[in-house]
Amino acid sequence: MRARPSPSRVPIPNKQTILLVFMLSGFAGLVYEVVWARQLVLVFGNTTQAISAILTGFFGGMALGSVLGGRLADRVRSPLRMYAILELLVVLGVLITPVAFGGLREIYRGAFGALETSPLLLALVRFGLSILALAPATIFMGASLPTLSRHLVSDHTRLGEEFGELYMANTVGAVFGALMAGVVFIEVLGLTQTLLVGAACSGMAGLIALRLSGRVGRRAGTTGAERVGADAPTAARETSSNALRPSAPRPGLSHVSRPRLALIVAFVSGLTSLGYQTLWNRILSSGTGSTNYIFTAILVFFLTGIAIGSYLFSRRLSRSEHPVVLLGLAEVALALLVLVTLGVETNYFMVLPLGAQLLLVVAPATVVMGIVFPMSSMLVADSDEHVGESAGLLLGSNTLGAICGTFIVPFLLIPALTSPRSIALLAGINAMTGLALLNASGSVSLPIHRIARMTAGIATAAAVLLMVVPNQIVADPLVNRVSRDNAQVLASAEDSVASVQAVNDHNTLSLFVGGTSMTALSVDTRLMAHLPLMARPGATSMCVIAFGMGSGFHSAMIDGLTTEAVELVPTVPGMFGNFYADARQVMANPKGSVVIADGRNFLELTTHKFDLMIVDPPPPMNSSGTAVLFSREFYQAGRSRLTDGGVMLEWEWSGQTVSEMRSHVRTFRSVFPHVTLVFSMLYGVYMLGSDKPIDLGPAGIQAVLSRPGVLNDLRSAPDSPAGIESAAGWQDLILGHVWISDAAVDEFGAGGTLITDDRPYTEYDFLRNLLGPRSPQANQAELLKVMPRQAP
């Protein structure tokens, strides 16, 4: 495919420096996105609805900024100086976000109380507040790409080349921003200081651009159409003047239709790219525990592929005579790559290492994505005077597609089709887009043209078949794995948050969420509800954070407590009947209720008070988003929802290290005046906290064990200690597991790291594990070596 002759090229002063500056801007932008997402989750919760609102605020500001910024860039004397000012304004916007988010929290808390029973209105409030909080910075960020495009481009026929180079530079910066924020900065510096690092990079980019704009720029009084780079020689101005003449229509397309076609392609690119990223995050992280490092790896591969694709475009394809044909071929190639690798995601996710999966699945497809979007810029500009506006509209259309993706994929496609089938649908959209582009370029006759059309039709048909006909390629990855292991899937569902399965693995019942086993039927989870009641036998109400298999909720109902359980994943409570035969009767009990919400957010927003509270965070303890259930602020929220003398219990898994256990204990103790630690029967430690002394004595224990059904509840657990049948036997067993209280807790927790929302210690442990001192596993024997049991 031939490249069109290039117009006389005039070197643009300091172009490489400008690209490096924009790379720095991309680095900062990704840092902001990572940090803001975590900080706003603390305001709105970790639900899919809340995350969509946050992304809408981010992308919405970017889209608005790109459109407005592009138009303004066509009118200013120096776009480079405008860009510099934009970066400096970004710094101001970033610095006010902590204050803005604090005010946002109070506004949302007030709105929640008034709109709790109106989910739609509450969702609109979230969207509005997200946009309001992020707009000051994201509008300026969105304006930067079209502004620099205006600075570098005077001949609109070269927009594609310059736009592609800017896009590549910005994406390369984003790769390093994702890597450094996800692996280094947050662990070492915390969220607030990481945000300041991003602000410093934006400030540096702005100051460098401001200095450059003093040396190069437009002549005073010139218009966008007259500029060919700063201080360009006369020959260059003649080239630009020639470019003002209407360009000849491209084969097969009217001159008017090209910009519209570009905007459509950009929109589809934004929609499908965001969709693929969301779906790959879900499928490729299945069974991994979904740590931040898994998501960082996927994001880095995703952005790296896009950067490589944009490099290939700007260096090899940006002067093609047939951009519409190339776009059609690229869309078809993307559909084929996605469909061919779909089976790898769903059938070999536990066989191939994650890196191999990313190389096979993500890398090839994202390289093509990196070609498609900048290539659409070859079609969007129709005059030299409106290069900035054209670039802004293109970026705005792409971002609008991404916004639509944040809603359509999790709320419509995944619940209706499941994640693998949703990938097939998006591939079908790419194939049909490719076919439409190839048809639109009708007068072009190339050897590959007819083959590409046939391939697009075949890919579309294959996508439809994959969606309609049951098959292993689009089955849930966990379901495929369980079937290979000759285990039984009792029930399977997928909602906007995660895929969920109830599994019987050779008579062992388990609940899987996102491909990871959350819990099994255990005496530890049943005692979790009974133990705080033994410390406060007069209690009448309980809050259960994390419903899981329903064991804590089930035991609390046996205790006769008015119980409110909170669960993040909507389909999890529906699995209750697979684990407990009396689930239907328990759920029908008017004393019990289940709320679908983020547990942390629920505690901060509800007005309810509870005598008791139990928290069983989902494993693994370093999975993404779980730090909000281990932080000092979470315990403060829990304490604020307890009645006078109420008890909060949090379970700590023995699989962590002694050093990590010290940090959890220190953090819990920093909130509660009285803390008692009790070894669970098998797998961990119960932390009980209260504002009044905690007395786990024989009288309280017997008062609970004597309630109807409690003793049988403990004895009937599959892993219940053998030979313990009587209430007296259970009393001795429980008393024998009491470890330490108050002053001894202080001594054990000394030296631990305080876990806060700003320093999510539990989720970010890569450098600590790589470079820090080794610490033994926090099983009972090792803990007793460090701190012997306190004498009763």
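The rules we used
Residues numbered from 1 in each chain as written. Predicted model: local features only at pLDDT ≥ 70, side-chain atom pairs only at ≥ 80, totals over all residues. Heavy atoms only, no water. Patch = residues over 30% accessible without salt bridge, like charges linked within 9 Å, V, L, I, M, F, W, Y side chains within 5 Å. Areas by Shrake-Rupley, 256 points an atom, 1.4 Å probe, with all protein chains shown as cover. Salt bridge = Lys/Arg side-chain N within 4 Å of Asp/Glu carboxyl O. Helix = DSSP H or I, 4+ residues; strand = E, 2+ residues; numbered from the N terminus. Buried < 20%, exposed > 50% of the residue type's maximum accessible area, 1.4 Å probe, protein only. Pairing = 2+ DSSP bridges. Axes fitted to C-alpha atoms, helices over the stretch in contact; angles between N-to-C directions. Phe/Tyr/Trp six-rings, centres within 6.5 Å; stacked < 30°, edge-to-face > 60°. Left-handed = near helix turned anticlockwise from the far one by under 90°. Contact = heavy atoms within 4.5 Å. Nonpolar A, V, L, I, M, F, W, Y, C, P; charged D, E, K, R; others polar. Expected span 1.5 Å × (residues − 1). Polar contact = N/O pair within 3.5 Å; in protein donor to acceptor, adjacent residues only side chain to side chain.

Enquirer: Is there a simple way to explain a nonpolar patch on the surface in this structure?
Expert: Judged by side-chain polarity, Val464, Leu465, Val468 and Val469 come together as a nonpolar surface patch covering roughly 350 Å² of accessible area. With respect to the element layout, Val469 can be found in the loop between helix H14 (447–468) and helix H15 (477–484). On the basis of relative accessibility, which here comes to 41%, the residue Val469 falls in the partly exposed class.

Enquirer: What is the right way to read the sheet that holds strand E2 (residues 499–505) from this model?
Expert: Strand pairing in a sheet relies on backbone hydrogen bonds, with the paired strands running either antiparallel or parallel. Taking strand neighbours across the sheet as the criterion, the four strands line up as E1-E2-E3-E4 in an open arrangement whose pairing is antiparallel. Of all strands in the sheet, those bounded by a partner on one side alone are strand E1 (488–494) and strand E4 (516–520). On average, each strand axis in the sheet is tilted by 20 degrees relative to the strand beside it, whichever way the strands run. Sheet topology note: the E2/strand E3 (residues 508–513) ladder contains six bridges and is antiparallel. Following the sheet pairing, Ala502 is matched in E3 by Leu511.

Enquirer: Got a minute to help me understand the packing of aromatic side chains in this structure?
Expert: Aromatic rings in a pair are described by how distant their centres are and how their planes are angled relative to each other. Inspection of the entire model under this criterion finds 24 aromatic pairs. A ring pair is formed by Tyr167 and Phe373, whose centres lie 5.1 Å apart and whose planes are at 70 degrees; its orientation type is edge-to-face. On the criterion of sequence distance, the pair formed by Tyr167 in helix H5 (residues 159–189) and Phe373 in helix H11 (residues 354–380) is long-range, its members being 206 residues apart. Judged by relative accessible area, Tyr167 falls into the buried class, the value being 17%. By relative accessible area, Phe373 is classed as buried at 1%.

Enquirer: Is there a simple way to think about the packing of helix H8 (residues 257–284) against helix H9 (residues 292–317) in this case?
Expert: A packed helix pair is summarised by two numbers, namely the angle formed by the two axes and the spacing between the axes. The geometry of H8 relative to H9 is characterised by a closest axis approach of 10 Å and an angle of 145 degrees between their N-to-C directions. At the point where H8 passes H9, the crossing takes the right-handed sense. Counted together, Ser273, Gln277, Trp280, Asn281 and Leu284 of H8 and Phe295, Ile298, Leu299 and Phe302 of H9 form the full contact between these two elements. Partitioned by chemical class, the residues of the contact of H8 with H9 number six nonpolar, three polar and no charged.

Enquirer: Would you explain helix H21 (residues 658–669) in this entry?
Expert: For the α-helix, the turn length of 3.6 residues means that residues three or four positions removed from each other point alike. Here H21 contains 12 residues, and its C-alpha end-to-end distance of 16 Å stays within 8% of the 16 Å for a straight helix at 1.5 Å per residue. The buried fraction of H21 is high, at nine of 12 residues. Of the residues making up H21, those classed as buried are Val658, Glu660, Met661, Ser663, His664, Val665, Thr667, Phe668 and Arg669.

Enquirer: Just to check I follow, could you spell out the side chain of Ser130 for this structure?
Expert: Its place among the elements puts Ser130 in helix H4 (residues 119–152). Judged by relative accessible area, Ser130 falls into the buried class, the value being 0%. Of the polar contacts made by the side chain of Ser130, one reaches the backbone oxygen of Arg126; its length is 2.9 Å. Leave out the neighbours within four places in its chain, and Ser130 touches Phe44, Ala53, Ile54 and Gly57.

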